[in-house]
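The primary structure of each chain is shown beneath.
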Amino acid sequence: MSKLTLQVRTRDNLLELLASGESQAWVVAEDKFQKITHVQIVNWEGSQMIEGVFDRNASSRREDGRLVVKFLHGRIVNSNVKFEVQNPVHYI
């Protein structure tokens, strides 16, 4: 099985997301869902991010199809991520 990291960009407070173990609901392609193994939740400036293991069993889709992203073993690290396009969801 292929491994994939879901990378999302957010204006939310990373410390609050880390404490809750989840991020907002995102438009995540159904065909990518089973391949996602890790998450990176990047602050808006790209200077810090949460890195964690994707918790597929706890993550859930809302009625509108967006995925509430849950993660395990999260930690905040410094980063230098540049988002070149407006789409806040990337797969790496």
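Predicted, not measured: the structure shown is a model, and the values here were computed from it.

*Asks:* Account for the nonpolar core, naming residues and giving values.
*Replies:* One finds Leu6, Ile41, Phe54 and Val69 to be the most contacted residues of the largest nonpolar core, which totals 17 residues. What valine 69 contacts, discounting residues up to four positions off in sequence, is Leu6, Gly21, Glu22, Ser23, Gln24, Trp26, Val39, Phe54 and Ser59. Within the second largest apolar cluster, 5 residues are counted, among which are Met49, Val77, Val81 and Phe83.

*Asks:* Describe the confidence of the model for the chain, listing the residues and the values that go with them.
*Replies:* Here the chain averages 94 in pLDDT, and 98% of its residues register 70 or above. Put simply, strand E7 (residues 89-91) is where the chain has its lowest mean pLDDT, 91, and strand E4 (residues 48-54) is where it has its highest, 98.

*Asks:* Describe the pairing of strand E1 (residues 4-10), and please don't skip the residues or the numbers.
*Replies:* Of all 7 residues in E1, 7 are buried, a share of seventy percent or more. The pairing of E1 with strand E3 (residues 36-43) spans 7 bridges and is classified as parallel. Within E3, the residue paired with leucine 6 across the bridge is valine 39. Two strands pair when backbone bridges link them, and E1 and E7 are joined in this way by 3 bridges, in the antiparallel orientation.

Cut-offs applied
Residues numbered from 1 in each chain as written. Predicted model: local features only at pLDDT ≥ 70, side-chain atom pairs only at ≥ 80, totals over all residues. Heavy atoms only, no water. Core = buried A, V, L, I, M, F, W, Y, C linked by side-chain atoms within 4.5 Å. Buried < 20%, exposed > 50% of the residue type's maximum accessible area, 1.4 Å probe, protein only. Contact = heavy atoms within 4.5 Å. pLDDT = per-residue confidence, 0-100. Helix = DSSP H or I, 4+ residues; strand = E, 2+ residues; numbered from the N terminus. Pairing = 2+ DSSP bridges.

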